[in-house]
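So you can see what is in the structure, the chains are spelled out below.
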Amino acid sequence: MTSPVTVIGLGPMGATMARTFLANGHPTTVWNRTASKAAPLVEQGATLAATMADALAASELVVISQTDYQAMYDSIGDADVKGRALVNLSSGSPGELRRAGDWARENGADLLTGGVMVPPPGIGRPGSYVFYSGPEAVLDRHRDTLAELGDTTFVGTDPGLSMLYYQSQLYVFWSTLVSYMHAAALLGTAGVSARQFRPFASTTLEALTGDGPMGFLRILAEEIDGGVSPGGANSLRMQAVGADHVVEASREAGIDTAGPAALRDLFRRAVDAGHGDGGLSSVIDVIRRPAREGGA
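Quick summary incoming for the structure in this document.

1. What to know about the overall build of the protein
Turning to step 1, where the next piece is worked out: Regarding its fold elements, the protein presents twelve helices and eight strands.
Turning to step 2, where the next piece is worked out: Taking the principal axes of its C-alpha atoms as reference, the protein extends roughly 65 × 45 × 40 Å.
Turning to step 3, where the next piece is worked out: When burial is assessed residue by residue, the protein has 40% of its 296 residues classed as buried.
Turning to step 4, where the next piece is worked out: Partitioning the intrachain contacts of the protein with sequence separation of at least 6 by distance along the chain shows that 58% fall at a separation of at least 24.
Turning to step 5, where the next piece is worked out: For the protein, the accessible surface area stands at approximately 15900 Å², while carbon and sulfur atoms represent 56% of it.
Turning to step 6, where the next piece is worked out: Positive and negative side-chain charges of the protein, numbering 22 and 31 respectively, have mean locations separated by a distance of 3 Å.

In structure tokens, the structure reads:
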């Protein structure tokens, strides 16, 4: 018999998780602050817990998907979590997750934190994966069940690590897509459609992740880890001038310049810090040492 699961939080993500567990034959108990949201899941075979105590008593494995970590504390209240494997897939800061790990231990529970790297429709589908951190033994004990949500990627025992990975990936995701939107807006002022530009953007993204001369994801990783940043014919000073031209082109086109200006200013700070003859990877030096208020 498949093991029972409790799902706390029935927003789009939590509801999809509960449906996934049900589809895989798990006796699934659900709880939500607005109980009426559970109705469709109850029709599919889930059990709606009347109280949080009932929800926690129904399963050792308790999967939490709420707005933030405070919602977990508010929802659980003084209910007994002793002996439970709490798998919180909500968003928060790494510090919050570490404090939550302490709270769980103090109350006799284990907390496994996670960051889900797909939107709700992607749960349980090929390509879905989840970053987990915390006690690895808990993940090992429930790995088969949790793998039904997506590939389980364990990143370390520090409860905050899963969120660091999650937020790092989100930043790459958002900044990449927003830069595409900015580029589409810039070209759009000359009558070029986003669809016309898409193949060129796709070529660049594919090249950046490859092993060729434009494979800068690999190049930057090697240079950052090696503590080197050769510039040569592609110095950061030259790239800072190019970034300024992007700002000017955006200004002339009458579109927002905040994003390009932030990038240009980052390059300028790195040049001012003495990295003008280095390469692009030298920018990480000023990222690691942010400017203080009122000056560098």
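2. Remarks on the nonpolar core
Grouped burial of nonpolar side chains is what soluble globular proteins tend to show.
Turning to step 1, where the next piece is worked out: In terms of nonpolar packing, the biggest core is built from 28 residues, with M17, V63, L89 and L146 touching the most fellow members.
Turning to step 2, where the next piece is worked out: For this core, the secondary structure elements donating two or more residues are β1 (5–8), α1 (12–23), β4 (61–64), β5 (85–88), β6 (110–116), β7 (129–133) and α6 (136–146).
Turning to step 3, where the next piece is worked out: Filtering out sequence-adjacent residues up to four positions away, V63 remains in contact with V5, T6, V7, I8, M17, F21, V87, L89 and L146.
Turning to step 4, where the next piece is worked out: Judged by nonpolar contacts, the second largest core, of 26 residues, contains M72, L97, L111 and V155.

3. Considerations on helix α7 (residues 161–188)
Turning to step 1, where the next piece is worked out: Across its 28 residues, α7 extends 40 Å between first and last C-alpha, which sits within 8% of the 40 Å expected from 1.5 Å per residue.
Turning to step 2, where the next piece is worked out: Residues S162, M163, Y166, L170, H182 and A184 constitute the buried set of α7.

4. Looking at the pattern of salt bridges
Turning to step 1, where the next piece is worked out: The tally for this structure, following the rule as stated, stands at twelve salt bridges.
Turning to step 2, where the next piece is worked out: R264 serves as the salt-bridge partner of D244, at 3.3 Å between the closest nitrogen and oxygen. Taken together, the positions of D244 in helix α10 (residues 236–253) and R264 in helix α11 (residues 258–275) put the pair 20 residues apart, joining distant regions of the chain.
Turning to step 3, where the next piece is worked out: With relative accessibility at 29%, the residue D244 sits in the partly exposed group.
Turning to step 4, where the next piece is worked out: Close ionic contact of R251 with E248 constitutes a salt bridge, the shortest N to O distance being 2.8 Å.

5. As for the layout of surface pockets
Turning to step 1, where the next piece is worked out: Taken as a whole, the largest pocket encloses approximately 2300 Å³ of empty space.
Turning to step 2, where the next piece is worked out: If you go around the largest pocket, you meet 45 residues; those closest to its centre are S175, T176, S179, L208 and L263.
Turning to step 3, where the next piece is worked out: Mapped onto the lining of the largest pocket, the elements with two or more residues apiece are α7, α8 (194–208), α9 (216–226), α10, α11 and α12 (284–288).
Turning to step 4, where the next piece is worked out: Class assignment of the residues belonging to the lining of the largest pocket gives a composition of 30 nonpolar, 14 polar and one charged.
Turning to step 5, where the next piece is worked out: Approximately 630 Å³ is the volume attributed to the second largest pocket.
Turning to step 6, where the next piece is worked out: Lining the second largest pocket are 30 residues, with M13, L89, V116, V118 and Y166 sitting closest to its centre.

6. Let's talk about the packing of aromatic side chains
Turning to step 1, where the next piece is worked out: Following the criterion strictly, the structure yields four aromatic pairs and no others.
Turning to step 2, where the next piece is worked out: On the numbers, 5.2 Å between centres and 80° between planes, the contact of Y73 with W103 is edge-to-face. Placement of the pair is Y73 in helix α4 (residues 69–76) and W103 in helix α5 (residues 94–106), with a sequence separation of 30 residues.

7. A short note on the sheet that holds β1
Turning to step 1, where the next piece is worked out: Spatially, β3-β2-β1-β4-β5-β6-β7-β8 is the arrangement adopted by the eight strands of the open sheet, whose pairing is mixed. In this open sheet, the two strands that pair with only one neighbour each are β3 (47–48) and β8 (151–156).
Turning to step 2, where the next piece is worked out: The pairing of β6 with β7 spans four bridges and is antiparallel. Following the sheet pairing, G115 is matched in β7 by F131.

8. With respect to α10
Turning to step 1, where the next piece is worked out: Compared with an ideal rise of 1.5 Å per residue, which puts 18 residues at 26 Å, α10 spans 26 Å between its outermost C-alpha atoms and is within 8% of the ideal.
Turning to step 2, where the next piece is worked out: As for α10, its buried residues are in contact with α7 and α11.
Turning to step 3, where the next piece is worked out: One or two residues past the end of α10 sits G254, with phi positive at roughly 80°.

9. Details of the environment of V283
Turning to step 1, where the next piece is worked out: Here V283 is to be found in the loop between α11 and α12.
Turning to step 2, where the next piece is worked out: Taking the C-alpha atoms as reference, V283 lies 16 Å from G259; in sequence the two are 24 residues apart.

10. Let's talk about the side chain of E148
Turning to step 1, where the next piece is worked out: Structurally, the position occupied by E148 is in the loop between α6 and β8.
Turning to step 2, where the next piece is worked out: One buried charged side chain, E148, makes no salt bridge at all; its nearest oppositely charged neighbour is R143, positioned 13 Å away.
Turning to step 3, where the next piece is worked out: In contact with E148, not counting residues within four places along its chain, are T20, F21, N24, H26 and G124.

11. Some words on the pairing of β4
Turning to step 1, where the next piece is worked out: Residues of β4 alternate between two faces, with L61 and V63 on one and V62 and I64 on the opposite face, all of them buried.
Turning to step 2, where the next piece is worked out: Pairing analysis gives four bridges linking β1 to β4, with the strands arranged parallel. Residue V5 lies in a different strand from β4, and its bridge partner there is L61.
Turning to step 3, where the next piece is worked out: As defined by bridge partners, β4 adjoins β5 across four bridges and the pair is classed as parallel. Following the sheet pairing, V62 is matched in β5 by L86.

Cut-offs applied
- Residues numbered from 1 in each chain as written.
- Predicted model: local features only at pLDDT ≥ 70, side-chain atom pairs only at ≥ 80, totals over all residues.
- Heavy atoms only, no water.
- Helix = DSSP H or I, 4+ residues; strand = E, 2+ residues; numbered from the N terminus.
- Buried < 20%, exposed > 50% of the residue type's maximum accessible area, 1.4 Å probe, protein only.
- Contact = heavy atoms within 4.5 Å.
- Areas by Shrake-Rupley, 256 points an atom, 1.4 Å probe, with all protein chains shown as cover.
- Lys, Arg positive; Asp, Glu negative; His and termini not counted.
- Charge placed at Lys NZ, Arg CZ, Asp CG, Glu CD.
- Core = buried A, V, L, I, M, F, W, Y, C linked by side-chain atoms within 4.5 Å.
- Expected span 1.5 Å × (residues − 1).
- Salt bridge = Lys/Arg side-chain N within 4 Å of Asp/Glu carboxyl O.
- 1 Å grid on protein atoms, 1.4 Å probe; cavity = no way out; pocket = protein on both sides within 12 Å on 5 of 7 lines; lining within 4 Å.
- Points joined across faces, edges and corners; volume = space filled by probe spheres on them.
- Nonpolar A, V, L, I, M, F, W, Y, C, P; charged D, E, K, R; others polar.
- Phe/Tyr/Trp six-rings, centres within 6.5 Å; stacked < 30°, edge-to-face > 60°.
- Pairing = 2+ DSSP bridges.

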